[in-house]
Amino acid sequence: MNGLNAAMKTFPGGKHIEGHKQLTRNEPICAMPLPAQVIIPLSQHTGSICEPLVKKGDKVKAGTKIGQGNGVVSSTVHASVSGTVNNISDYNHPVLGSCPAVIIDSDGKDENDAQVKERSGIAELSKEELLAIIKDSGIVGLGGAAFPTQVKLNPPRPVDTLIINGVECEPYLTCDFRLMLERTNELLQGIQLIQKIVNVQKVFIGIEEDKQEAVLQLRNRIMEKKRRFEVVALKAKYPQGAEKQLIKAVVGREVPPGKLPFDVGVIVVNVGTAVAVYEAVCLGKPLYERIVTVTGRIVKKPANLKVRLGTRFSDIIAFCEGTKEPLGKIIMGGPMMGLAQFTDDVPVIKGTSGILMLAKDEIKDFTETPCIRCGRCVNVCPVRMLPYALSLCVESKSFEQALQYNPRDCMECGACAYVCPAKRRIVESIRLIKAVVK
Amino acid sequence: MSEERAMTLSMTSSPHIRFPETTSRIMWTVFFCLIPSGIVSVYVFGLSTLWIIITAVLGAVATEYGCGLMAGGKNTISDGSAALTGLLLAYNLPPQAPLWMVFIGAFIAIVFSKVLFGGLGFNIFNPALIGRVFLMASFPVLMTRWPAPFRVDAVTAATPLAVFKDSFQGTNVLSQADIINYSYRDLFLGFRGGCIGEGCVAALLLGAVYLLIRGYISWQIPVSFIGTVAVFSWLFSGKDGIAGGDFILHILSGGLVLGAFYMATDYVTSPITKTGQLIFGFGCGLITGVIRLWGGYPEGVSYSILLMNILVPLLDKFIVPRRFGELK
Ligand code: SF4
Ligand code: SF4
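Residues numbered from 1 in each chain as written. Chains lettered and ligands numbered in written order. Predicted model: local features only at pLDDT ≥ 70, side-chain atom pairs only at ≥ 80, totals over all residues. Heavy atoms only, no water.

Attention shifts here to the overall build of chain B. Along the backbone of chain B there are 14 helices and 0 strands. When the helices and strands of chain B are placed in sequence order, the string is α-α-α-α-α-α-α-α-α-α-α-α-α-α. By its C-alpha atoms, chain B is 90 × 55 × 30 Å across when sized along the principal axes. A total of 328 residues make up chain B; the buried ones form 55% of that total. Long-range contacts, defined as pairs at least 24 residues apart, comprise 74% of the intrachain contacts of chain B with a sequence gap of at least 6. Carbon and sulfur atoms make up 71% of the accessible area of chain B, which amounts to about 14100 Å² in all. Within chain B, the 16 negative side-chain charges are centred at a point lying 5 Å from the centre of the 19 positive side-chain charges. (Helix = DSSP H or I, 4+ residues; strand = E, 2+ residues; numbered from the N terminus. Buried < 20%, exposed > 50% of the residue type's maximum accessible area, 1.4 Å probe, protein only. Contact = heavy atoms within 4.5 Å. Areas by Shrake-Rupley, 256 points an atom, 1.4 Å probe, with all protein chains shown as cover. Lys, Arg positive; Asp, Glu negative; His and termini not counted. Charge placed at Lys NZ, Arg CZ, Asp CG, Glu CD.)

A word on the state of the cysteines. All names here are of chain A. Evaluated as defined, the whole model comprises 0 disulfides over all chains. Unpaired in this structure, Cys320 has its nearest cysteine sulfur neighbour in Cys30, at a distance of 8.0 Å. Accessibility expressed as a relative area gives 2% for Cys320, which makes it buried. (Disulfide = S-S within 2.5 Å.)

All names here are of chain B. Applying the stated rule across the entire model yields 10 cavities of 30 Å³ or more. Roughly 300 Å³ of internal volume is contained in the largest cavity. Looking at the largest cavity, it is lined by 22 residues, and the ones nearest its centre are Met27, Leu84, Leu88, Asp266 and Tyr267. Of all the elements, helix α4 (residues 81–90) adds the most residues to the lining of the largest cavity, at 4 residues. (1 Å grid on protein atoms, 1.4 Å probe; cavity = no way out; pocket = protein on both sides within 12 Å on 5 of 7 lines; lining within 4 Å. Points joined across faces, edges and corners; volume = space filled by probe spheres on them.)

What follows concerns the interface of chain B and chain A. Counting from both sides, the interface comprises 42 residues of chain B and, opposite them, 64 residues of chain A. Here chain B meets chain A over a buried area of about 4500 Å², counting both sides, of which 56% is carbon and sulfur. By the criterion of area lost to chain A, the three top residues of chain B are His16, Arg18 and Phe324 of chain B, representing 21% of everything that side buries. Across the pair Glu254 of chain A and Arg322 of chain B runs a salt bridge whose closest N-O atoms are separated by 3.3 Å. Between chain B and chain A we count 22 residue pairs in polar contact (both at pLDDT 80 or more) in total. Of all the secondary-structure elements, those providing two or more residues to the side of chain B that touches chain A are α1 (3–8), α2 (23–45) and α14 (301–318) of chain B. Across the side of chain B that touches chain A, the residue classes break down as 20 nonpolar, 13 polar and 9 charged. (Buried area = accessible area lost by both parts, 1.4 Å probe. Salt bridge = Lys/Arg side-chain N within 4 Å of Asp/Glu carboxyl O. Polar contact = N/O pair within 3.5 Å; in protein donor to acceptor, adjacent residues only side chain to side chain. Nonpolar A, V, L, I, M, F, W, Y, C, P; charged D, E, K, R; others polar.)

So, on to the site of ligand 2. All names here are of chain A. Taken together, 13 residues are adjacent to ligand 2, and Cys381, Cys410, Cys413, Gly414 and Cys416 come closest. Put simply, the parts of the chain that give the shell around ligand 2 at least two residues each are α13 (415–419) and α14 (426–436). Split by residue class, the shell around ligand 2 holds 11 nonpolar, 1 polar and 1 charged. (Near = heavy atom within 4 Å.)

Residues and elements named next belong to chain A. For chain A, the domain assignment lists domain 1 (1–32 + 113–363) and domain 2 (376–437). Each partner contributes to the interface: domain 1 provides 15 residues, whereas domain 2 provides 13 residues. Of the roughly 1000 Å² buried between domain 1 and domain 2 on both sides combined, carbon and sulfur atoms contribute 63%. Across the contact surface, domain 1 and domain 2 share 1 salt bridge. For Arg384, the salt bridge is made with Glu254, and the minimal N-O distance between the two is 3.3 Å. (Domains from an automatic or database assignment.)

Have a look at this one:
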């Protein structure tokens, strides 16, 4: 560690993880050609599922609202291509397994809905109007959690700090990095809109120091535009991008167990979400596409692709010319917190930050051996739990006893299992405890 | 989509990658870090020490293998922990221990302190030290016959700590012929009477530094252990009242360096948090000091570690990290 590193802001615990980002970090964002068919699940977010607004045979265009949710915590979904509704039925879903979805056959014309047009008089829009636009545009957190953004930006109590999350600490993923480099101006405009909505003075942009280019470019552009956002270079350490760890690193506050960032006066928004806010407000464009990092050592053409929501993984994998070796695992998201898929016939959803493909030899079954109480999991746990103790509780089936170790504090970041020399499936154990002990 | 392809995808849950570190690599690394000290020992005390080392290691591994067979074929010897136990046991024996006794020690170490507790990870006491203490209790004469360095003809000589104690307590039971005056350099290089692996501080430190750099052991236990012994012996082992004791002698003699870096740091039988480890090391140091100065034995490292082993479950229960977000 050199002196610069030591002084770099970060959180206690965690671990530097080999990033594998060189596979795609220099790949400019490239728009993938339209697929012949898209599958738009009616649930792509935290909260209530959307009701379909179209029926079989209806004509839709890119940006046409096709599903709307009821209740406070919900969102909307839109068609991502122009064409005809082929069916509304259950379909494979990368998170839920299966979910009602609107299946649309593309007509290849890629026409936009009439609503998609540049908006004027943005400066006059009130906070409420902006929130309504965000909800109507189906914007959710694009970092992976997919929490409806209009809810997040309207906290029940005032906050004083906005942190923009450009950390991207998951190995392999580079979509946020490319976005910060290639869409810097849109990002800054999006941040300004969010700043207006949440009404704060202090705005920080947190980026890991291994993304130097992004740090420098943002700093320069902020100077040019005379914005008062502060870019904070953070130590490259997993899970630096987890909300609570990011808040700790940037402003030194700890979010208490069971509380949310606004409880300590902070709101955290991912860079991709900020750009989506800009597009929705300024261009009138709902969230119907996103950037997806398609990567893995065995992928023939790893890429950062701009993909229409609802595009099948199989279409994307084919566009990247498939794999050099037989596939062992397809993961939606990164290798630490991503979800293994049972098929490539699943659609891209709003939370799909990456598609990671691993070869068979990269997922050798890690056999579990006895815990040697080495303490690595304890030292690495960013919320300072005792992961080994929970793992042992599951081994001896003492679920009640596990409660004293606060299993609910666990954000399932996987750092403990990653470092465990005994290859214990600690995260699985904790999930089990959470499921069994209500 | 092709059904066959879908069938073959792995569905194990996150994290999907693991740090390339394994229990057996850790154990074998510690094992190899201990080898230089054994080599010096063979050089100082002759080939008989080599046979003791081999017997202890093979004895421990064979016992573990046998127990595994009886318990239903679980083969755990490749994790290296049994071999390490055997090696550490050998390092705690006198250079002319008879081989049958060595084997008994190895057997006891594995069966009574490991297997009966449920195997690796569940033992409370350091297995090698259980083996040693058992042998001390059963064969006290054989366990305290110390040949002088470089004298294959087996002239016995008192260990530096025995000499110290004799004069400190004013018992003067040692005959003049038994007493050899060692320089610090002799002590540092291991040219002195004592157990097989404990002598060469230089070789032990070499391995320890490597283990520290690799992060296989942390500094908390060795530093607090040795530091406490140093302060304690400086304060109380002096000729005239408080302070001025020969603490360097106490650091370099007996099994302190071996114990502090290689045995008190045993993951399974030491506290899991850094704070717990500091307390553990401090306790070990205190007990060692008390035994060395006022106890019935010249050396107290093994007993101190075993006694502190008892406290580990308690330390781990009460010394836990502050929950993230909870008020200080
Ligand atoms: S890292 Fe693994 S072996 Fe080490 S204490 Fe934690 S669970 Fe046990
Ligand atoms: S997965 Fe849970 S227990 Fe493990 S390091 Fe992350 S927060 Fe801690």
